[in-house]
Amino acid sequence: KAETVPRNEEVHSIFILAQMETFEMSLNSAKDDMPLFSLTMCDSKVNHHSVEGDDENSEMIFVLGDFRLETPNCGKTMRSYQTLLGLAPSVSTSLLTFKYCKGSQSVQSCNVGGANKSNCEACAEVLLSPMRFVHIHSQVFTLIEYVTEGVLGAMAASAASSAAAAAREVAKSS
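## Some thoughts on the overall build of the chain
What the chain contains, in helices and strands, is 2 helices and 8 strands. Taken from the N to the C terminus, the helices and strands of the chain come in the order β-β-β-β-β-β-α-β-β-α. Relative to a compact globule of 174 residues, whose C-alpha radius of gyration would be 16 Å, the chain shows 24 Å and is clearly more extended. Excluding contacts between residues fewer than 6 apart, the proportion of contacts in the chain whose partners are at least 24 apart in sequence is 57%. When the accessible surface of the chain is totalled, it reaches about 12,500 Å², and 57% of it is carbon and sulfur.

## Structural notes on the pairing of strand β4 (residues 66-70)
Taken together, the 5 bridges between strand β2 (residues 35-51) and β4 define a ladder with antiparallel strand orientation. Its bridge partner lying in β4, L39 is registered against L69.

## Some remarks on the pattern of salt bridges
Pairing is possible between side chains of opposite charge, provided their charged atoms come close. Inspection of the entire model under this criterion finds 1 salt bridge. Notably, a salt bridge pairs R68 with D66, separated by 2.9 Å at the nearest N-O pair.

## Quick word on the side chain of E70
Structurally, the position occupied by E70 is in strand β4. We classify E70 as buried; its relative accessible area is 15%. Engagement of the side chain of E70 in a polar contact is seen with the side chain of T83, the distance being 2.9 Å. Those residues in contact with E70, other than ones at most four positions away along the chain, are L36, F37, S38, R79, Q82, T83 and L84.

## Looking at the pairing of strand β1 (residues 13-28)
Pairing of β1 with β2 involves 15 bridges; the strand directions are antiparallel. Note that in β2 the partner of S13 across the bridge is V51. Between β1 and β2, which pair antiparallel and follow one another directly, the connecting turn spans 6 residues, one of which, D33, has a positive phi of 60°.

## Points about the environment of G113
Mapped onto the elements, G113 comes out in the loop between α1 (104-107) and β7 (122-128). For G113, a relative accessible area of 69% translates into the label exposed. For G113 and T71, which are 42 residues apart along the polypeptide, the C-alpha to C-alpha distance reads 40 Å.

## Here we look at the environment of V112
Within the element layout of this structure, V112 appears in the loop between α1 and β7. Using a relative accessible area of 32% as the deciding quantity, one classes V112 as partly exposed. Each C-alpha atom of the pair V112 and A124 lies 8.7 Å from the other, and the pair is 12 residues apart in sequence. Ignoring anything within four residues of it in the chain, the contact list for V112 reads K117 and C123.

## Comments concerning the side chain of N57
Take N57: it is sitting in strand β3 (residues 54-64). Separated by 3.4 Å, the side chain of N57 and the backbone nitrogen of S106 make a polar contact. Beyond its immediate chain neighbours, meaning those up to four positions away, N57 contacts S50, V51, K102, G103, S104, Q105 and S106.

## Here's the deal with the environment of D43
Counting through the fold element by element, D43 comes out in strand β2. Residue class for D43 comes out partly exposed when judged on its relative accessible area of 45%. Not counting the four nearest positions on each side in its chain, D43 is found in contact with M20, E21, V63, L64 and G65.

## Digging into unusual backbone geometry
Phi angles above zero are rare outside glycine, and D33 is one such case at about 60°. Notably, D43 is not glycine yet its phi reads approximately 55°, a positive angle.

Scoring rules and cut-offs
- Residues numbered from 1 in each chain as written.
- Predicted model: local features only at pLDDT ≥ 70, side-chain atom pairs only at ≥ 80, totals over all residues.
- Heavy atoms only, no water.
- Helix = DSSP H or I, 4+ residues; strand = E, 2+ residues; numbered from the N terminus.
- Rg over C-alpha atoms; globule rule 2.2 N^0.38 Å.
- Contact = heavy atoms within 4.5 Å.
- Areas by Shrake-Rupley, 256 points an atom, 1.4 Å probe, with all protein chains shown as cover.
- Pairing = 2+ DSSP bridges.
- Salt bridge = Lys/Arg side-chain N within 4 Å of Asp/Glu carboxyl O.
- Buried < 20%, exposed > 50% of the residue type's maximum accessible area, 1.4 Å probe, protein only.
- Polar contact = N/O pair within 3.5 Å; in protein donor to acceptor, adjacent residues only side chain to side chain.

Structure below.
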């Protein structure tokens, strides 16, 4: 059943467009503050479109241009092995593209390979591009140690400190 909009009413589309050119984070050693790894995310985009007053139909596209985990350029590792994880060189411009459509009208824009879209309430398309993954034992173990002892260790120490403070409060009150 098609609904018509009276001529005196306007329909407003809502667009949300967000772009991030580059985000870079350095993971440094707690012992000597030397860089261990750098995380870089480039050319990421979020695009959301919906029509005002139509809560049933909307479309969102998320693009992760490139995500790299690299070791610093100051060690003995050959340049070709410094990128542990990232987009395969010269293959594509985005590592991940995710499109989500909700509602019968929006679902029609999905490419679902010949499936009957008339019965679909929502659909998602995920496109992964070729990625590069380098496994060098010492680098992987350094990363695991950083996460378990550094990040998770700090969180565990904080939780233990909070638990100890709570136990002291309970002991004082009894």
